[in-house]
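As a plain string of letters, each chain reads:
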Amino acid sequence: MKLNKIIATLSVATILGGSAIVSTQMVQPSVTANAAKHHKKHKKAAWKHGMPKALRGKYETKHFGADLMETLDMRAKTFTSWEAGMPPRNNYHLRYKVVGHNKFTILYDTHAGGNFRASKNSKITITKINKNHLKVQYDHHIYRKVKEL
């Protein structure tokens, strides 16, 4: 009787010990894989200086309302935005970050002009729809590229 209890206890201990070793071997690779993922440096999108080449050029909207329109003149280091009836806004100290496919966030400063105050670190998001069209975050109009003469 005692021999049967000893054999039963040893077999249970062997089974539990064996399953613990197997489960450790099964868990261990995923633990090291997760640990390796956490040790990698997370790269945040860095702010780059200037205007992205993909967005440079002159753009305007179609005429709307009482024959109103808006324009954007985007250069390498500056861009000017203008809405009909308002003074142009000259923006400088451009930085941009790519936030998606053909989607850019532009960070800029603005000179004072007309009834506009100067501002620092203004931010807009511009999406390039195709080769000749843009969508600007704050505006519901589509801007089309204007051929320069």
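Everything below is about the structure shown above.
Small disclaimer: the values here were computed from a predicted structure and weren't measured.

1. Quick notes on unusual backbone geometry
The phi angle at Asn102 is positive, at roughly 55 degrees, despite the residue not being glycine. Along the chain, Asn102 falls in the loop between β5 (89–100) and β6 (103–110). A relative accessible area of 30% places Asn102 in the partly exposed class.

2. Here we look at the pattern of salt bridges
Tallying each qualifying case throughout the model produces three salt bridges. Asp73 serves as the salt-bridge partner of Arg75, at 2.9 Å between the closest nitrogen and oxygen. Note on Arg75: relative accessible area 45%, which makes it partly exposed. Its relative accessible area of 18% is what places Asp73 among the buried residues. In this structure, Lys120 engages Asp109 in a salt bridge whose closest nitrogen and oxygen atoms are separated by 3.9 Å. Residue Lys120 is found in strand β7 (residues 119–130), and its partner Asp109 is found in strand β6; the two are separated by 11 residues along the sequence. The class for Lys120 is exposed, based on a relative accessible area of 60%. Assessed through its relative accessible area of 4%, Asp109 is described here as buried.

3. Some remarks on the packing of aromatic side chains
Taken as a whole and assessed by the stated rule, the structure comprises two aromatic pairs. Each ring, one from Phe79 and one from Tyr108, has its centre 5.1 Å from the other, and the planes form 75 degrees; the classification is edge-to-face. One end of the pair, Phe79, is in strand β4 (residues 79–83); the other, Tyr108, is in strand β6, with 29 residues separating them in the sequence. Of the two residues examined, Phe79 and Tyr108, each falls in the buried class.

4. Quick word on the side chain of Asp73
Note that Asp73 resides in strand β3 (residues 70–74). For Asp73, the side chain forms a polar contact with the side chain of Arg75, separated by 2.9 Å. Ignoring any residue separated from it by four or fewer positions in sequence, one finds Asp73 in contact with Gly57, Lys58, Thr78, Phe79 and Thr80.

5. Concerning the pairing of β5
Relative to β5, strand β1 (residues 48–49) runs antiparallel, the two sharing two bridges. Paired with Lys48 across the bridge in β5 is Tyr96. In terms of strand pairing, β4 meets β5 through three bridges, oriented antiparallel. Each residue of the ladder has a partner; that of Thr80, found in β5, is Asn90. Between β4 and β5, which follow one another and run antiparallel, lie five residues, and Gly85 among them has a positive phi close to 85 degrees. Bridge count between β5 and β6: seven bridges; the pairing is antiparallel. If you follow Tyr92 over to β6, its bridge partner there is Asp109.

About the cut-offs
Residues numbered from 1 in each chain as written. Predicted model: local features only at pLDDT ≥ 70, side-chain atom pairs only at ≥ 80, totals over all residues. Heavy atoms only, no water. Helix = DSSP H or I, 4+ residues; strand = E, 2+ residues; numbered from the N terminus. Buried < 20%, exposed > 50% of the residue type's maximum accessible area, 1.4 Å probe, protein only. Salt bridge = Lys/Arg side-chain N within 4 Å of Asp/Glu carboxyl O. Phe/Tyr/Trp six-rings, centres within 6.5 Å; stacked < 30°, edge-to-face > 60°. Polar contact = N/O pair within 3.5 Å; in protein donor to acceptor, adjacent residues only side chain to side chain. Contact = heavy atoms within 4.5 Å. Pairing = 2+ DSSP bridges.

All we've got here are geometric facts, nothing functional implied.
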